[in-house]
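Listed here are the chains, written in short residue letters.
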Amino acid sequence: MKEHFQILIIGGGNAGLSVASQLLRKKSSLNIGIIEPSEKHYYQPAWTLVGAGIYDIQDTVRQEKKYIPKNTTWIIDAVTEFMPAENKVLCKSGKEISYDYLVVSPGIQLDWDKIKGLKETLGKNNVSSNYLFEFAPKTWEFIENFKGGTAVFTNPSTPIKCGGAPHKIMYLACDYWKTKGILDKCDVHYISGGGGIFGVPEYAETLVEVLKKYKIITHFNSNVTAINGDTKTVEYETKATDETIKQSLSTLDASCYAIAPHDATAELKKVSMKFDLCHAVPPQSAPEFIKKSPLADPNNPYGFVAVDKYTLQHSHFPNVFSLGDCINAPCSKTGAAIRKQAPVVVANLLAVMDQQKPTALYDGYSACPIPTQHGKLMLAEFDYDNKPKMTFPFDQAKPRWSMWILKTKILPWLYWNKILKGTA
């Protein structure tokens, strides 16, 4: 059985539904199909708050059918193959669907198997992750019942969705343990594949002070390879020298937070660390059906879709656009980025349909709301050049209560009521 759509959208998450809604607001006669296998829709930005005991997990999930725009066709299926030269896709059900124009926005893939033992120990042995609906509440259970010891928070070396999430939960956990009076009994470590705590200096300065306040030991350019829940051991590879490790452990020098304490010429070393609690973040990459397709960037090690980073038009197929976590554009993968990408895709797609050149440009804008303690949050906004792009008329590098309210109350309401409906 064959179906055809004027515009076919792959993915019914934030990006896909925002684009569909905005397209119909511009041109209500469009014939749009949306391929999305999940009948549930999740507000994932709140999962950090769930893991910190601040938000109810049930408030982060709703029925997908309530948010599929009227006058579109929802195909409950999954794409297994792209055939862009023939303007069609193949679905898991065996159905072929053809299109005139394609929008690719299926999100990102969580590669749990890339960390040996992680999948098997999730939700047990005080190991959890806020990156899955079922385990975010477990994170809070483990944090709340923690009596002290070594707490390890990990961040992979790959691009990830919500790049701040690995350390957001760490600050909230430390604040809770401080309030509980046990922080002095906690030895907190951040093992990160990144080169520093944050890529934008103005915001990194704030976070360095937060790390010092909680006496968190950082291990940058360190890639977690295995987590053994039974022995409560995390293994990672690093180029840090013994000297820099000693320095970061003994002095809490600010330099060990702002830059990577490693020697690029040093040999890769395997290090293991015992833990009593571990919040793990899996490596991430493009979904497999994108990786193996002609849409993937052959020079991208994670298989992301090849796009012009400004117009978001595909690099080789002019009737294909892509946005969200699956693209190779060098921006931070966040919901805030999608909110700025969606109108660019809509404007440029409609221009191409009218035989015009795409002129709308995406500047790499992204935002990362980082809670530094309960009731205080720093709203980091920036662009491709890692330059701050602050919305409010005050210094957003300073954590504030007002930004906490934005994160915990206003943004969830905006998401369900405005963003998915194409009005924000």
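The numbering scheme is per chain: residues are counted from 1 as the chain's sequence reads. At least 70 in pLDDT is required for a residue's local features to be given in this predicted model, at least 80 for side-chain atom pairs to be given and counted, and no such filter applies to totals for whole chains, interfaces and linings, which use all residues. With hydrogens and water stripped out, all remaining heavy atoms of the structure feed into the side-chain values.

The chain has the name Sulfide:quinone oxidoreductase in an unreviewed UniProt entry, where Flavobacterium degerlachei is given as its organism. UniProt positions are given in the numbering used here, feature names are shortened, and annotations may be inferred rather than shown by experiment. Regarding the chain, the relevant UniProt record gives this comment under Cofactor (unreviewed entry): "FAD".

J.: Could you clarify how one ought to interpret unusual backbone geometry in this entry?
T.: Excluding glycine, residues mostly carry a negative phi; peptide bonds, for their part, are mostly trans. You will see that N126, though not glycine, has its phi angle at about 60°, which is positive. Secondary structure follows DSSP: runs of H or I at least 4 residues long count as helices, runs of E at least 2 residues long count as strands, and numbering of each begins at the N terminus. With respect to the helices and strands, N126 occurs in the loop between α3 (118–121) and β10 (127–128). Even without being glycine, N386 reaches a positive phi, approximately 55°. Within the secondary structure layout, N386 lies in the loop between β21 (376–382) and α11 (401–419). Here N386 falls in the partly exposed class, since its relative accessible area comes to 35%. Note on classification: 1.4 Å probe, protein chains only; a residue is buried when its accessible area is under 20% of the maximum for its type, exposed when over 50%, partly exposed between these limits.

J.: I keep staring at the UniProt feature "domain: FAD/NAD(P)-binding" (unreviewed entry) in the chain and nothing clicks. Help me out?
T.: Summarizing the sequence annotation, UniProt attributes the feature "domain: FAD/NAD(P)-binding" (unreviewed entry) to residues 5–125 in the numbering used throughout. With 18% helix and 33% strand, residues 5–125 has its two end C-alpha atoms placed 49 Å apart.

J.: Explain the side chain of Q396 here, please?
T.: With respect to the secondary-structure elements, Q396 resides in the loop between β21 and α11. Here a polar contact means two N or O atoms within 3.5 Å. Within protein one must be a hydrogen donor candidate and the other an acceptor candidate, and residues neighboring in sequence count only if both atoms are side-chain atoms. Here T391 takes part through its backbone nitrogen, which lies 2.9 Å from a polar atom of the side chain of Q396.

J.: Is there a simple way to explain the packing of aromatic side chains in this structure?
T.: In this description, a pair of aromatic rings is defined by centroid distance and the angle of the planes. Two rings from Phe, Tyr or Trp (for Trp, the six-membered ring) form a pair when their centres sit within 6.5 Å of each other. Planes less than 30 degrees apart are called stacked, planes more than 60 degrees apart edge-to-face, and all others tilted. Within the structure shown, the criterion is met by 17 aromatic pairs. When the ring of F198 is compared with that of Y203, the centres are 6.1 Å apart and the planes differ by 90°; the resulting orientation is edge-to-face. Seen in terms of ring centroids, Y362 and Y384 are 5.5 Å apart; in terms of plane orientation they differ by 75°. Their pairing is edge-to-face. Residue Y362 is found in the loop between α10 (335–353) and β20 (366–373), and its partner Y384 is found in the loop between β21 and α11; the two are separated by 22 residues along the sequence. What makes Y384 buried here is its relative accessible area of 14%. Aromatic ring contacts, followed pair by pair, group Y43, Y67, Y415 and W416 into a single cluster. Here, over-ring charges are defined by two tests on the NZ atom of lysine or the CZ atom of arginine: distance to the ring centre within 6 Å, and angle to the ring normal within 35 degrees. Positioned above the aromatic ring of Y365 is the side chain of K340, whose terminal nitrogen or guanidinium carbon lies 5.3 Å from the ring centre.

J.: Any chance you could explain the sheet that holds strand β14 (residues 222–228) here in plain terms?
T.: Hydrogen bonds between backbone atoms are what pair the strands of a sheet, whose relative direction is either parallel or antiparallel. Taken in spatial order, the three strands line up as β14-β15-β16 in an open sheet, and their pairing is antiparallel. The sheet terminates laterally at β14 and β16 (269–274), the two strands that pair on one side only. Going from strand to strand, the sheet's axes swing by 25° on average, the running direction of each strand aside. In the sheet, strand β15 (residues 233–238) pairs with β16 via six bridges, with the strands oriented antiparallel. Along β16, the bridge assignment pairs V234 with M273. Pairing between strands requires that DSSP locate at least two bridges from one strand to the other. Here an axis means a line fitted to C-alpha atoms, over the contact stretch when the element is a helix, while the angle between two N-to-C directions is reported on a 0 to 180 degree scale.

J.: When you look at helix α4 (residues 136–145) in this model, what are you seeing that I'm missing?
T.: Spacing of three or four residues puts side chains on the same side of an α-helix, whose turn is 3.6 residues. Three or more residues of α4 are buried, namely A136, T139, F142 and I143. Along α4, the residues classed as buried sweep out an arc of 115° about the axis, all on the same side. Two residues qualify as a contact provided that any one of their heavy atoms is within 4.5 Å of a heavy atom in the partner residue. Summarising the contacts, the buried residues of α4 are in contact with α2 (47–51), β10, α5 (165–180) and β17 (277–279). What the arc describes is the spread of directions from the helix axis to the C-beta atoms.

J.: Can you walk me through the pattern of salt bridges in this structure?
T.: Note on pairing: side chains with opposite charge can pair once their charged atoms come close. Only one rule defines a salt bridge in this text: a Lys or Arg side-chain nitrogen within 4 Å of an Asp or Glu carboxyl oxygen. Scanning all chains against the criterion turns up nine salt bridges. For K88, the salt bridge identified is with E86, shortest N-O distance 3.2 Å. When the shortest N-O distance is used, the salt bridge between K138 and E141 registers 3.4 Å. Residue K138 and its partner E141 are located together in helix α4, separated by three residues, close to a single helical turn.

J.: I would appreciate a short explanation of α5 in the present structure.
T.: A helix is expected to span 1.5 Å for every residue after the first. An ideal rise of 1.5 Å per residue puts 22 Å on 16 residues; α5 measures up with 23 Å between its terminal C-alpha atoms. Most of α5 sits inside the fold, with 12 of its 16 residues counted as buried. Of all the residues in α5, the buried ones are A165, P166, H167, K168, I169, M170, Y171, L172, A173, C174, D175 and W177. G181 sits one or two positions beyond α5 and adopts a positive phi of about 85°.

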